[in-house]
Amino acid sequence: MKTHGAKPAIDASTQPLPARRRTDVDFWRGVVLCCIFINHIPGNAFERLTPKNYGFSDSAEAFVFLSGLSLAFAYVGRFSDGRAGQVMQSLQWRVAKLYGIHLFLSVAAIAIFAAAASFGGDDALMNQHGRALFTDDPAAALLGLASLGHQLGYFNILPLYIVLIAILVVQLVMVRMAGPWPMLAVSALFYAVVRVFDINIPTWPMKGSWFFNPLAWQLLMAVGIVAALLLRDGRLRSRPVPLALAGLVVAAGAVSVTDGFSLLPGLYDWTRNWADLDKTTLGLGRLVHFIALAYLLFGLGVAARLRRTWSYAPFCRLGRNSLTVFALLSLLAAVGQVAEDLIGTSFGLDLLLIVGGLAILYATAWASETLPQPGAERRARLDVRQR
């Protein structure tokens, strides 16, 4: 039956809605932060529920991809309409802030583990994840920390992010001069060169290389930038064939990582021999799996379906305050690692650490948005001027 005078229905999936997409980015960033916190207390009972146990990629890929999305939403428009100077100034401030937070978190982590080793009588706590250098050669350790040449395990994401922001400037220039697809092609070519010639940033004073190779991971940042521009222009849409292929890739990853849900022992070991799943260099298997997972979640409209549930707003709040939440979760996870080591693993302790930690993270995000913050008015005036 025809209805005269009625407006045609609008398919929201085809509309350029950057505000809604940014809300989706906040939601997924909040989810990723919770997963990072759980995974950074290894061996706890809740760790089995995180996505890394059901696919080739994990929270690291999501963290970098979402960073590319959010940075593109924030800066591509400004960079392209003549405000490149403002963008550069903002990015310089962001890098300086991240550097300072990284130093603070690393020193605080050393203090946490050193205190636990001293008062708990477990010297092994200072012999893991690069912490031994601070007892063997404190001066060299501090110089290495300041130069980003020495990074602690579980505290090496921010150095990756710092270098990726530096690379972002080049990517923004290429987007402005040639467009997003040539930028992505150059990024992919650079990734290939890095992989073929095994190029990475060396560590110091301990010989080695960065755990997260930013020269390879920049490709995922570039993918995030392109995805953001497609979302902004309403050109990223769900298609049946790509959606089905993405579903197959995600399903194959789940079957492999779980050894065929325990029916095919050794399947994951066999897969790792040929699927290029190295985390340091962003193996192609990890990259393809994450892109498939991201497209599947987008195509199924998962965030949109969850928007009316009770969980959506809290995750968005965590995502909106991602840097504060990330810094705090890093320290809470260090405390959790110490507690698990000194007290011993138990479900009760896991429950206290994870549920209590998540509650503290949410309370901090709530306070960041609700309570008056020092300098908030000045920052708001600067933001208005930049806009």
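Trainee: Where do I start with the overall build of the protein chain in this structure?
Mentor: Scanning the protein chain from N- to C-terminus turns up 16 helices and zero strands. The C-alpha radius of gyration of the protein chain comes to 22 Å, within 12% of the 21 Å expected for a compact globule of 387 residues. In terms of overall dimensions, the protein chain has C-alpha extents of about 80 × 55 × 50 Å along its principal axes. By sequence separation, contacts in the protein chain at least 24 residues apart represent 76% of the contacts at least 6 residues apart. Approximately 19600 Å² of the protein chain is accessible, and the part contributed by carbon and sulfur atoms is 66%. When the 33 positive and 23 negative side-chain charges of the protein chain are each reduced to one mean point, those points stand 16 Å apart.

Trainee: Hey, could you run me through the packing of aromatic side chains in this one?
Mentor: Each aromatic ring pair is characterised by the separation of its centres together with the angle its planes make. Here the structure, examined in full by the defined rule, presents 11 aromatic pairs. For the pair Phe27 and Tyr312, a centre-to-centre distance of 4.8 Å together with 15 degrees between the ring planes defines the contact as stacked. With Phe27 in helix α1 (residues 18-39) and Tyr312 in helix α13 (residues 312-320), the pair connects residues that are 285 residues apart, well separated along the chain. On the basis of relative accessibility, which here comes to 2%, the residue Phe27 falls in the buried class. Ring geometry for Trp270 versus Trp274: centroids 5.6 Å apart, planes at 65 degrees, classification edge-to-face. Judged by its relative accessible area of 51%, Trp270 falls in the exposed class. We classify Trp274 as exposed; its relative accessible area is 56%. Among the aromatic residues, ring-to-ring pairing joins Phe27, Trp28, Tyr312 and Phe315 into one connected group.

Trainee: I tried to follow empty space enclosed by the protein on my own but got confused; where do I start?
Mentor: Take a probe with the size of a water molecule and roll it over the atoms, and the empty space left behind shows itself. Evaluation of the coordinates by the stated rule reveals one cavity of 30 Å³ or more. In this structure, the largest cavity spans a volume of roughly 40 Å³. Along the walls of the largest cavity sit His102, Leu105, Tyr154, Phe155, Asn156, Ile157, Leu158, Phe326 and Ser330, which together make up its complete lining. Within the residue set of the lining of the largest cavity, elements represented by two or more residues are α3 (84-120), α6 (157-178) and α14 (322-343). Its residues placed into classes, the lining of the largest cavity shows six nonpolar, three polar and no charged.

Trainee: Where do I start with α3 in this structure?
Mentor: Because the α-helix completes a turn every 3.6 residues, residues three or four places apart line up on one side. With 37 residues, α3 should cover 54 Å at 1.5 Å per step; its first-to-last C-alpha distance of 52 Å lies within 8% of that length. A positive phi of about 70 degrees marks Gly121, the residue just after α3.

Trainee: What is the right way to look at the layout of surface pockets in this model?
Mentor: Here the second largest pocket is characterised by a volume of approximately 1100 Å³. What lines the second largest pocket is a set of 46 residues, among which Phe65, Ala294, Tyr295, Leu297 and Phe298 lie closest to the centre. Contributions of two or more residues to the lining of the second largest pocket are made by α1, α2 (59-80), α7 (180-196), α8 (214-232), α11 (284-299) and α12 (302-306). At nine residues, α1 tops the list of elements feeding residues into the lining of the second largest pocket. In terms of residue class, the lining of the second largest pocket is made up of 30 nonpolar, eight polar and eight charged.

Trainee: Even after reading the chapter, I still don't get the packing of α2 against α3, so can you show me in this structure?
Mentor: Each packed pair of helices is defined by two parameters, the angle between the axes and the distance between the axes. Relative orientation of the contacting elements α2 and α3 amounts to 145 degrees, with a least axis distance of 8 Å. Between α2 and α3 the crossing geometry is left-handed. For the pair α2 and α3, contact is made by Leu71, Tyr75, Arg78 and Phe79 and by Ala84, Val87, Ser90, Leu91 and Arg94, respectively. Taken together, the residues of the contact of α2 with α3 break down into six nonpolar, one polar and two charged.

Trainee: Hey, could you run me through unusual backbone geometry in this one?
Mentor: Omega for the bond connecting Trp204 with Pro205 falls within 30 degrees of zero, at 5 degrees, which places this linkage in the cis form. Following the sequence through the fold, Pro205 ends up in the loop between α7 and α8. For Asp198, which is not a glycine, the phi torsion comes out positive at approximately 50 degrees. Along the polypeptide, Asp198 turns up in the loop between α7 and α8. In the Ramachandran plot, Asp276 falls in the positive-phi region, its phi being about 55 degrees despite a non-glycine side chain. Position of Asp276 relative to the elements: it lies in the loop between α10 (267-272) and α11.

Trainee: Honestly, α11 in this entry has me stumped. Any pointers?
Mentor: Helix length check: α11 (16 residues) gives 22 Å between terminal C-alpha atoms against 22 Å at 1.5 Å per residue, within 8%. Those residues of α11 hidden inside the fold are in contact with α2, α8 and α9 (240-257). Gly301 lies just past α11 and shows a positive phi near 65 degrees.

Cut-offs and rules
Residues numbered from 1 in each chain as written. Predicted model: local features only at pLDDT ≥ 70, side-chain atom pairs only at ≥ 80, totals over all residues. Heavy atoms only, no water. Helix = DSSP H or I, 4+ residues; strand = E, 2+ residues; numbered from the N terminus. Rg over C-alpha atoms; globule rule 2.2 N^0.38 Å. Contact = heavy atoms within 4.5 Å. Areas by Shrake-Rupley, 256 points an atom, 1.4 Å probe, with all protein chains shown as cover. Lys, Arg positive; Asp, Glu negative; His and termini not counted. Charge placed at Lys NZ, Arg CZ, Asp CG, Glu CD. Phe/Tyr/Trp six-rings, centres within 6.5 Å; stacked < 30°, edge-to-face > 60°. Buried < 20%, exposed > 50% of the residue type's maximum accessible area, 1.4 Å probe, protein only. 1 Å grid on protein atoms, 1.4 Å probe; cavity = no way out; pocket = protein on both sides within 12 Å on 5 of 7 lines; lining within 4 Å. Points joined across faces, edges and corners; volume = space filled by probe spheres on them. Nonpolar A, V, L, I, M, F, W, Y, C, P; charged D, E, K, R; others polar. Expected span 1.5 Å × (residues − 1). Axes fitted to C-alpha atoms, helices over the stretch in contact; angles between N-to-C directions. Left-handed = near helix turned anticlockwise from the far one by under 90°.

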